[in-house]
Amino acid sequence: DEPVFNAVCANVSGSRPKELYEDLQEELEAEAAGDCKAIEAAAKAAGIPITPDTAPLDLALAISDILSPGHIPAARVAVASADAVANVKELAKHGAKKKARALEDFMQLLRSARREVRAGTTWEQAAGVLSGESAWRKCVGGGAGGGGGGGGGGQHYPEDARAMFDEWVGKLAAKESESRTKAGLEDGEAFPEDRGRGGRDSGRDGRDSGRERDRGDKGDRGDKGDRVDKGERGDKGERGDRGERGD
């Protein structure tokens, strides 16, 4: 029967403190979002770019001169400018992740297309075969020949995809050249510099053989001379003996 108790019982269907807090939070978030959009619109109309590197204070000072008086309270301009820069940073971060995933899928497509993409494959040839693949469209677009404005909408990365393709084809060409070189060595082929060294070695061998033959010829002539001298001395000795016996 207490009046206070009766008043509380009559108010059991009212809002609780948490609900009141959440309602206020939603109102403030909606107000901040409106201020941020106003800052972005004013910056776009004035040709002021908002980038991830933009200083919020510099943006606030530039926007303050553009906004109509009372459009956004001065106390909220700096906060709204910081929110605008934060939104740009978040969009850039999300875009970088999206680009990284798209290029990763594109690289995986090149690796899996072993028959379609080889060492001598051109960009136009690859586009004619792979342009229907989702990974190709995400990076290059749907246009044949690598055009970036193809179907599917959204942002594409044709220049990055083309650079990745050229690098991949270059690696395939280098690997193929290395394989041919190894196969040639296994078959007994020699590099030009090896053949040059072989010719020089053969020349040295020939000169060495010539010197050995010269030494052999000289030895033979020496042996023949010795035999001739011995024969002459023997003949003279025999004639002397016969003369003595005759006397």
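Residues numbered from 1 in each chain as written. Predicted model: local features only at pLDDT ≥ 70, side-chain atom pairs only at ≥ 80, totals over all residues. Heavy atoms only, no water.

Asks: I'm lost on the overall build of the chain in this one. Help?
Replies: Counting its regular elements, the chain contains eight helices and zero strands. N-terminal to C-terminal, the α/β element order of the chain is α-α-α-α-α-α-α-α. Residue burial in the chain is summarised as follows: out of 247 residues, 19% are buried. Counting only contacts in the chain whose residues sit at least 6 apart along the sequence, the fraction spanning at least 24 positions is 58%. Here the chain has roughly 17,800 Å² of accessible surface; of this, 51% comes from carbon and sulfur atoms. (Helix = DSSP H or I, 4+ residues; strand = E, 2+ residues; numbered from the N terminus. Buried < 20%, exposed > 50% of the residue type's maximum accessible area, 1.4 Å probe, protein only. Contact = heavy atoms within 4.5 Å. Areas by Shrake-Rupley, 256 points an atom, 1.4 Å probe, with all protein chains shown as cover.)

Asks: Looking at this structure, how should I read the nonpolar core?
Replies: One recurring pattern in soluble globular proteins: nonpolar side chains tend to sit buried together. Judged by nonpolar contacts, the single largest core of 22 residues is most densely connected at Phe106, Val117, Trp136 and Cys139. The element contributing the most residues to this core is helix H4 (residues 74-112), with six residues. When sequence neighbours within four positions are dropped, the list of residues in contact with Trp136 reads Phe106, Leu109, Trp123, Ala126, Ala127, Leu130, Ser131 and Gly141. Membership of the second largest hydrophobic core comes to 15 residues, among which are Ala42, Leu59, Ala80 and Val85. (Core = buried A, V, L, I, M, F, W, Y, C linked by side-chain atoms within 4.5 Å.)

Asks: I tried to follow a negative patch on the surface on my own but got confused; where do I start?
Replies: On the surface, a cluster of negative charge is contributed by Glu19, Glu22, Asp23, Glu26, Glu27 and Glu29. For Glu19, the position within the fold is in helix H2 (residues 17-46). Residue Glu19 is classed as partly exposed on the basis of its relative accessible area, which comes to 38%. (Patch = residues over 30% accessible without salt bridge, like charges linked within 9 Å, V, L, I, M, F, W, Y side chains within 5 Å. Salt bridge = Lys/Arg side-chain N within 4 Å of Asp/Glu carboxyl O. Lys, Arg positive; Asp, Glu negative; His and termini not counted. Charge placed at Lys NZ, Arg CZ, Asp CG, Glu CD.)

Asks: Looking at this structure, I do not really get the packing of aromatic side chains. What am I missing?
Replies: In this description, a pair of aromatic rings is defined by centroid distance and the angle of the planes. Going through the model one piece at a time under the given rule, you end up with three aromatic pairs. Taken together through their ring pairs, the aromatic side chains of Phe106, Trp123, Trp136 and Phe165 make up a single cluster. (Phe/Tyr/Trp six-rings, centres within 6.5 Å; stacked < 30°, edge-to-face > 60°.)

Asks: How should I be thinking about the packing of helix H3 (residues 56-64) against H4 in this particular structure?
Replies: Between two packed helices, the angle of one axis relative to the other and the distance separating the axes together describe the packing. Put simply, H3 and H4 touch, their axes get as near as 8 Å, and they point 120° apart. Judged by the inter-axis angle, H3 sits oblique to H4. Between H3 and H4 lies a crossing of right-handed hand. Here Pro56, Leu59, Ala60 and Ser64 of H3 come into contact with H4, specifically with Val77, Ala78, Ser81, Ala82, Ala84 and Val85. (Axes fitted to C-alpha atoms, helices over the stretch in contact; angles between N-to-C directions. Parallel < 35°, antiparallel > 145°, perpendicular 65-115°, else oblique. Left-handed = near helix turned anticlockwise from the far one by under 90°.)

Asks: Looking at this structure, how should I read helix H7 (residues 158-186)?
Replies: Each α-helix turn comprises 3.6 residues. Residues three or four places apart therefore point the same way. For H7, which comprises 29 residues, the first-to-last C-alpha distance of 42 Å matches the rise-based estimate of 42 Å (1.5 Å per residue) to within 8%. Taken together, the buried residues of H7 touch H4, helix H5 (123-130) and helix H6 (134-139). (Expected span 1.5 Å × (residues − 1).)

Asks: Got a minute to help me understand the packing of H2 against H4 in this structure?
Replies: Where H2 meets H4, the closest approach of the two axes is 8 Å, and the angle between their N-to-C directions is 75°. In terms of orientation, H2 lies roughly perpendicular with respect to H4. Along its contact with H2, which presents Glu31, Ala32, Asp35, Cys36, Ile39 and Glu40, the element H4 presents Arg76, Val77, Ala80, Ser81, Asp83, Ala84 and Asn87.

Asks: Please clarify how H3 should be interpreted in this entry.
Replies: For H3, the full list of buried residues reads Leu59, Ala60 and Ile63. The buried residues of H3 occupy an angular sector of 100° when the element is viewed end-on, so they sit on one face. Turned more than 90 degrees off the buried face of H3, the exposed positions are Leu57, Asp58 and Leu61. Of the surrounding elements, those touching the buried residues of H3 are H2 and H4. (Arc of directions from axis to C-beta.)

Asks: What am I meant to see in the confidence of the model for the chain here?
Replies: The predicted structure's coordinates, where accompanied by low pLDDT, should not be read in detail. Of the residues in the chain, 67% reach a pLDDT of 70 or more, and the chain-wide mean stands at 78. Per-residue pLDDT stays below 50 along residues 243-247; that stretch engages in zero contacts with residues further than four places along the chain or on separate chains. (pLDDT = per-residue confidence, 0-100.)

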